[in-house]
Amino acid sequence: MKKKLTVGILAHVDAGKTTLSEALLYLSGKLRTRGRVDHGNTYLDYDPMERERGITIFSKQARFSTEACDFILLDTPGHVDFSAEAERVLTLLDYAILVVSAPDGVQNHTRTLWQLLEHYNVPTLLFVNKTDIAVKRKEEMESDLQKALSPACVGFYEKESPAERDERLSMLREDWMEAVLEGETLEDGEIAALVSQRKLFPTLFGAALRLDGVAFLLETLDRYTLAPAYEEDAFGAKVYKIGRAGSTRLTYIKLTGGRLSPRDEVTYTAADGKTVTEKVSQLRLYSGDKFEQVDRVEAGEIAAVMGLTATYAGQGLGTEADTGRPLLEPVLSYAITLPEGVDPRIAFPKLKELEEEEPSLHLAWNTELSQIEARLMGDIQTDLLKRLIADRFGMDCEMNEGRILYKERIAARTVGVGHFEPLRHYAEVQLLMEPLPAGSGLVFDTHLPENILDLNWQRLILTHLYEKAHRGTLTGALLTDTKMVLVAGRAHLKHTEGGDFREATYRAIRQGLMKAGCTLLEPYYRFRLELPASLVGRAMTDLQNRHADFEMESSTAETAVLVGRGPVSTLHSYVREVISYTRGQGRMTCISDGYEPCHNTPEVVAAVGYDPEADLENTPHSVFCSHGAGVVIPWQEVDTHKHLEANISRPVVDGNSEDTLSVMPRPASLKKKYALSDEELEAIMLREFGPIKRRKYTEPKRIADIPAKHQKPKPQKPARRLVILDGYNLIFAWDTLKEISDYSLEKARDTLLDTLAGYAAYTKTELMVVFDAYRVPDGMGSDFVRDGMRVVYTKEHQTADAYIEKVIHDLGPDYSIRVVTGDYLLQISAVTAGVSRMTTREFVAEVTRVGSEITEFIRRLTEKRG
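The following refers to the structure shown. (Residues numbered from 1 in each chain as written. Predicted model: local features only at pLDDT ≥ 70, side-chain atom pairs only at ≥ 80, totals over all residues. Heavy atoms only, no water.)

**Some details on the overall build of the protein**
Consideration 1: Each helix and strand in the protein was counted, giving 25 helices and 44 strands.
Consideration 2: Here the protein, with 866 residues, has 49% of them falling under the buried criterion.
Consideration 3: Considering only residue pairs separated by 6 or more positions, the protein has 69% of its internal contacts joining residues 24 or more positions apart.
Consideration 4: Roughly 42,100 Å² of accessible area belongs to the protein as shown, and the carbon and sulfur atoms make up 50% of that amount. (Helix = DSSP H or I, 4+ residues; strand = E, 2+ residues; numbered from the N terminus. Buried < 20%, exposed > 50% of the residue type's maximum accessible area, 1.4 Å probe, protein only. Contact = heavy atoms within 4.5 Å. Areas by Shrake-Rupley, 256 points an atom, 1.4 Å probe, with all protein chains shown as cover.)

Encoded structure:
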């Protein structure tokens, strides 16, 4: 059987990557004529913006075949500004072809791509292009690649004997050396195995424009590659891109297991955490800008899927996990100025569609400045974004000069305490926070036993840690390289709700950052500067003044090459300055290279003017209860009022240190007036609100000793019967509805409401059905009437339990209320308010009984009329 391989082509800009793609498609018979970049008619660069600029901007695919293999070719952008697009493709590749320009040699961006290929463990072949205009011999270029990239870069020459090839390969393995000395020839399978393990990088030479060496590259791909193994039964896929064909949403996937056909159901977790089940409506196989509609795709294929509405780039489907955080991140932020009369708040959700298709366009809403910001890699991306907004939405926007994207990390190890205890609410959270090495990101964990805090509360706290972009205290920049571990927490049996732990968690983070302080981090560039030797002195002086570290890579009488690292804030504008003072003879390439401590922290902090205590959305202060009211305690004093004491020690055993934890209530002698016990809290509530009194909804008792003829009771208005139901609680307690909800929660809701409509009409009972929208982002809630029933969707951050409890207390004695819920705490609240309650199972039985009565009534009515 033919092998099926996904091969990507990567290169630095102007290395001839697109020209090589055209040559491969032409020699394989896919194209009758070759296109050229300078003619604007290439097969893969069909987007108008790509043809105008003469560069690849979007990754695209093509398909071609040889005698031994079917290839899916993925062409990637070569410009530094679109490195994130190239990185996203690497997770799909079986093999990669790294194109190096022979006259230019290994560039800075070439090294970046090499590191990415190593990180994603992609077997790689090298093609040295433009050898027809190179000064160096092929053997010299091979030696340069071995020094710059890897000693395993071994030249494969078209016009050489197997013995000559094996002699060079024998240097890689001792057993190969022995075999070659004994006159044996190395087998293709042995060489292919070493290539697949990234222990050998075949290096080929040619000129794609002249078709020189391209046929030998195809032969090498046939001979020295292995077919990947896929799981045949279990479905798995990686989402690498979201696109649109007109108004149709397309999800581009690589199938890594099983098979997929139209009308198949795919279950996955959307970005908002909800489980979604959707049917595939169509499958397309793209090659260039054309596609073929197919009835089935097998493992190893790349397809565009229609019908999936909530997927995102980097997502794993089925057995596949999500792709981790990309290595390349934007370092500049640009404010987007929309045309006059366009509200940015309304435009922002529309613009987010572009980020869905191109994740490298990081769009964010700046709450403080009420503006839309784009976090990009460079200036060319700004032109792309402006063009996309104009073409898609008809808005001509402007973008200001990019500002540096700073980050912050915690400066020292500490425990952050957050307490949230206004009246009838309670939660306390303590987090062990400590700095991590550069590039670690944010890490969250829990080391708390379940006997101290229930597992469901711990999971909720971790959810709150993940759901928010946390900010530092110096400039309000995003927090990174920090580990947060839950080490203490406490809930109240009656008064704790989910939102209480959100407040306590956020306050714990901020309090810990305020105590330990933050370190300001700034992005760094790794650069390569090539310029005339006569100007190297000025370049060194400039780089020193810009706080860059550098060294001389090479120097001749004519040119010098400096390489090093430096802050983006000082080097970003230096590229244009180099072109100016070298009169176009100098060239500087920069690539983002992580974050380091800021070289001018005081100046940056003063310029931003951020006040962490005035940031109301990220307050470090806690709320304690005192005399029946919530009291705000400043972050400096929270440690003296906290209710729990987390004792954390780090003993050293065999040279390794590990945290040990013990949590206990603070001794009463250490508690201040704000630290109340449950008994004290109940006493305050009794004093403030009085004893709990049951409301009277029944007829008043008559006084027995007054003769009936003298009794003049006031006429009593019959109470209106109202049943309040917790909608989702009822769905998951009703076996029939629960089965429906497994594949469609919306259908389960509709079925429930249709069933209740008959029940309400037959029993003449008012119904209020409450659905919990607590975790719906930006949920505004809704309240409407359907089939005579009142249907309520709560707002964001409002639980159905809290809404029902409020309704119970707001309605007066004109109603005879019954609450249907399986929630134990809500049942207790209903009883204490004088409201009857019924479990969901009891209500299901009642609805079933009433349904039988309705069926019998209709049967009798039909017989009577008949």
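**Things to note about the side chain of Arg63**
Consideration 1: Turning to its location among the elements, Arg63 is positioned in strand S2 (residues 60-65).
Consideration 2: There is a polar contact of 3.0 Å between the side chain of Arg63 and the backbone oxygen of Tyr286.
Consideration 3: There is a polar contact of 2.6 Å between the side chain of Arg63 and the backbone oxygen of Ile302.
Consideration 4: With sequence-adjacent residues up to four places away left out, Arg63 is seen in contact with Leu25, Lys30, Phe71, Ile72, Leu285, Tyr286, Ser287, Glu301 and Ile302. (Polar contact = N/O pair within 3.5 Å; in protein donor to acceptor, adjacent residues only side chain to side chain.)

**Quick notes on unusual backbone geometry**
Consideration 1: With a phi angle near 60 degrees, Arg198 is a residue other than glycine that sits in the positive phi range.
Consideration 2: Relative to the helices and strands, Arg198 resides in the loop between helix H8 (188-196) and strand S7 (201-205).
Consideration 3: Accessibility expressed as a relative area gives 12% for Arg198, which makes it buried.
Consideration 4: Look at Asp481: it is not a glycine, yet its phi comes out positive at around 50 degrees.
Consideration 5: Of note, Asp481 is situated in the loop between strand S27 (478-479) and strand S28 (482-491).
Consideration 6: Given the relative accessible area of 4%, Asp481 is considered buried.

**Re the pattern of salt bridges**
Consideration 1: Going through the model one piece at a time under the given rule, you end up with 38 salt bridges.
Consideration 2: We note a salt bridge from Asp75 to Lys17, for which the minimum N-O separation is 3.1 Å. Residue Asp75 is located in strand S3 (residues 69-75), and its partner Lys17 is located in helix H1 (residues 17-27); the two are separated by 58 residues in the primary sequence. Taken individually, Asp75 and Lys17 each receive the classification buried, so the pair is uniform in this respect. (Salt bridge = Lys/Arg side-chain N within 4 Å of Asp/Glu carboxyl O.)

**Side note on the packing of helix H10 (residues 344-357) against helix H11 (residues 379-393)**
Consideration 1: Two elements in contact, H10 and H11, have axes separated by 11 Å at closest approach and are oriented at 120 degrees. When the interaxial angle is binned, H10 and H11 end up oblique. In this structure, H10 crosses over H11, and the sense of that crossing is right-handed. Together, Lys350, Leu351, Glu353, Leu354 and Glu357 of H10 and Leu385, Leu388, Ile389, Arg392 and Phe393 of H11 make up the contact between the two elements.
Consideration 2: Among the residues forming the contact of H10 with H11, the class breakdown is six nonpolar, no polar and four charged. (Axes fitted to C-alpha atoms, helices over the stretch in contact; angles between N-to-C directions. Parallel < 35°, antiparallel > 145°, perpendicular 65-115°, else oblique. Left-handed = near helix turned anticlockwise from the far one by under 90°. Nonpolar A, V, L, I, M, F, W, Y, C, P; charged D, E, K, R; others polar.)

**Some details on H11**
Consideration 1: An ideal rise of 1.5 Å per residue puts 21 Å on 15 residues; H11 measures up with 21 Å between its terminal C-alpha atoms.
Consideration 2: Taken together, the buried positions of H11 are occupied by Ile380, Gln381, Thr382, Leu384, Leu385, Leu388 and Ile389.
Consideration 3: On its buried side, H11 packs onto helix H2 (48-53), strand S18 (332-337), H10, strand S19 (362-366), strand S20 (371-376) and strand S21 (398-399).
Consideration 4: Of the residues trailing H11, Gly394 is marked for its positive phi of about 70 degrees. (Expected span 1.5 Å × (residues − 1).)

**What about the side chain of Gln430?**
Consideration 1: Following the sequence through the fold, Gln430 ends up in strand S25 (residues 427-435).
Consideration 2: Relative accessible area serves as the criterion here: at 0%, Gln430 is assigned to the buried category.
Consideration 3: Here the side chain of Gln430 touches Leu644 through a polar contact of 2.8 Å, landing on its backbone oxygen.
Consideration 4: For Gln430, the residues in contact, after removing those within four places along its chain, are Val415, Gly416, Val417, Val485, Leu486, Val487, Ala488, Lys642, Leu644, Glu645 and Ala646.

**Examining the nonpolar core**
Consideration 1: Grouped together as the largest cluster of nonpolar side chains are 50 residues, with contacts concentrated most on Ile336, Leu385, Phe527, Leu529, Leu543, Tyr574 and Met588.
Consideration 2: Among all residues touching Met588, those that are not within four sequence positions of it are Phe527, Arg528, Leu529, Leu571, Tyr574, Val575 and Val578.
Consideration 3: Membership of the second largest hydrophobic core comes to 39 residues, among which are Leu25, Leu44, Ala62 and Ile191. (Core = buried A, V, L, I, M, F, W, Y, C linked by side-chain atoms within 4.5 Å.)

**A closer look at the sheet that holds strand S14 (residues 290-294)**
Consideration 1: Strand order in the open sheet formed by six strands is S14-S13-S16-S9-S8-S17, and the pairing between neighbours is antiparallel. Two strands lie at the open edges of the sheet, namely S14 and strand S17 (316-318), each paired on one side alone. For this sheet, the mean angle separating the axes of adjacent strands, direction not counted, is 40 degrees.
Consideration 2: Pairing geometry for strand S13 (residues 282-287) and S14, over five bridges, is antiparallel. From the neighbouring strand, Leu283 faces S14, where its bridge partner is Val294.
Consideration 3: Lying on the sheet, H10 is in contact with strand S8 (236-245) and strand S9 (248-257); it crosses S8 at an angle near 135 degrees. (Pairing = 2+ DSSP bridges.)

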